[in-house]
Amino acid sequence: MGDVFKEQIIKRKPTAKDAIFRFLLITAAALIFILALFFVQGFGPIIGFAAGFGAWFAMSYLNVEYEYIFTNGDLDIDIIYNRARRKRLFSGHVNNFEVMCHVEDKVHIGELSGAQETRDFSSGEVNENTYAFLTTHNSKRIKVIIEPNEKMLKAIGTILTRRKLHIKQ
């Protein structure tokens with residue numbers, strides 16, 4: 001059997017919380033800019049532009065994508081901010097998964113609810129390809145929510161046994 005390598009990128013959908021945060025950042029930057037112009041002699045424009053740059057930089061962290069990388073049984077999940085900055089969020093082997101099923105699977109809801117922590121690495125919307133798996137990571141029992149496409153799910157299925165993988169029909 002040859003090497004198995006699949007990768008997939010999922011864009012997180014903006015939430016209402018993101019919109020409120022953007023509004024507050026822009027409002028705060030504009031307020032700081034105006035106050036700096038009137039009350040800080042000489043350096044007002046510099047402080048104002050620095051506040052604007054800070055708001056723009058903070059908003060870039062709201063543009064989020066998740067990348068799933070599956071290589072010979074190892075699943076790595078990275079977060080990508082503004083298509084520029086990357087950070088590894090999860091790394092593990094699928095043989096360590098206790099169960100993997102659709103997030104709304106009624107048969108395994110009890111198992112999934114037993115997690116100490118939930119990490120959502122999906123678009124944020126539940127649909128037919130939103131799956132969850134249960135594993136132990138850093139001495140914690142965690143539930144991880146992902147959105148693998150058909151190719152990624154098939155690749156995971158080549159390693160994960162039928163006893164542990166429950167694909168929604």
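Located above this text is the structure these notes cover.
Described below are features of the structure shown in this document. Keep in mind that what you see is a predicted model, and the values were worked out from it rather than measured.

The next point concerns unusual backbone geometry. Its identity as a non-glycine residue notwithstanding, Asn72 has a phi of 50°, on the positive side. With a phi angle near 65°, Ser139 is a residue other than glycine that sits in the positive phi range. Among the secondary structure elements, Ser139 is positioned in the loop between strand 7 (131–137) and strand 8 (140–146). Taking relative accessible area as the criterion, Ser139 reaches 73% and is therefore assigned exposed.

So, on to the nonpolar core. Membership of the largest hydrophobic core comes to 24 residues, with the highest contact counts inside it found for Tyr68, Leu75, Met100 and Ile146. Residue assignment for this core shows that the elements contributing at least two residues are strand 2 (64–71), strand 3 (74–81), strand 7, strand 8 and helix 4 (150–159). If we skip the residues at most four places from it in the chain, Ile146 touches Tyr68, Leu75, Ile77, Met100, Phe121, Ser122, Asn129, Thr130, Tyr131 and Phe133. In this structure, Cys101, Leu112, Ala115 and Ile145 belong to the second largest nonpolar core, which totals eight residues.

As a further point, take the packing of aromatic side chains. Considering all chains together, one arrives at eight aromatic pairs under this definition. Between Phe33 and Phe49, the ring centres sit 5.5 Å apart and the planes meet at 65°, which makes this aromatic pair edge-to-face. Residue Phe33 is located in helix 1 (residues 16–39), and its partner Phe49 is located in helix 2 (residues 44–60); the two are separated by 16 residues in the primary sequence. For the ring pair Phe90 and Phe133, a centre distance of 5.5 Å and an interplane angle of 55° mean the geometry is tilted. Here the residue Phe90 occupies a position in strand 4 (residues 85–93), and Phe133 occupies one in strand 7, the gap between them amounting to 43 residues. By the burial criterion, Phe90 is buried, and Phe133 matches it. Across from the ring centre of Tyr61, 4.5 Å away, lies the NZ or CZ of Arg85, which sits over that ring.

The rules behind the values
Residues numbered from 1 in each chain as written. Predicted model: local features only at pLDDT ≥ 70, side-chain atom pairs only at ≥ 80, totals over all residues. Heavy atoms only, no water. Helix = DSSP H or I, 4+ residues; strand = E, 2+ residues; numbered from the N terminus. Buried < 20%, exposed > 50% of the residue type's maximum accessible area, 1.4 Å probe, protein only. Core = buried A, V, L, I, M, F, W, Y, C linked by side-chain atoms within 4.5 Å. Contact = heavy atoms within 4.5 Å. Phe/Tyr/Trp six-rings, centres within 6.5 Å; stacked < 30°, edge-to-face > 60°. Lys NZ or Arg CZ within 6 Å of the ring centre and 35° of its normal.

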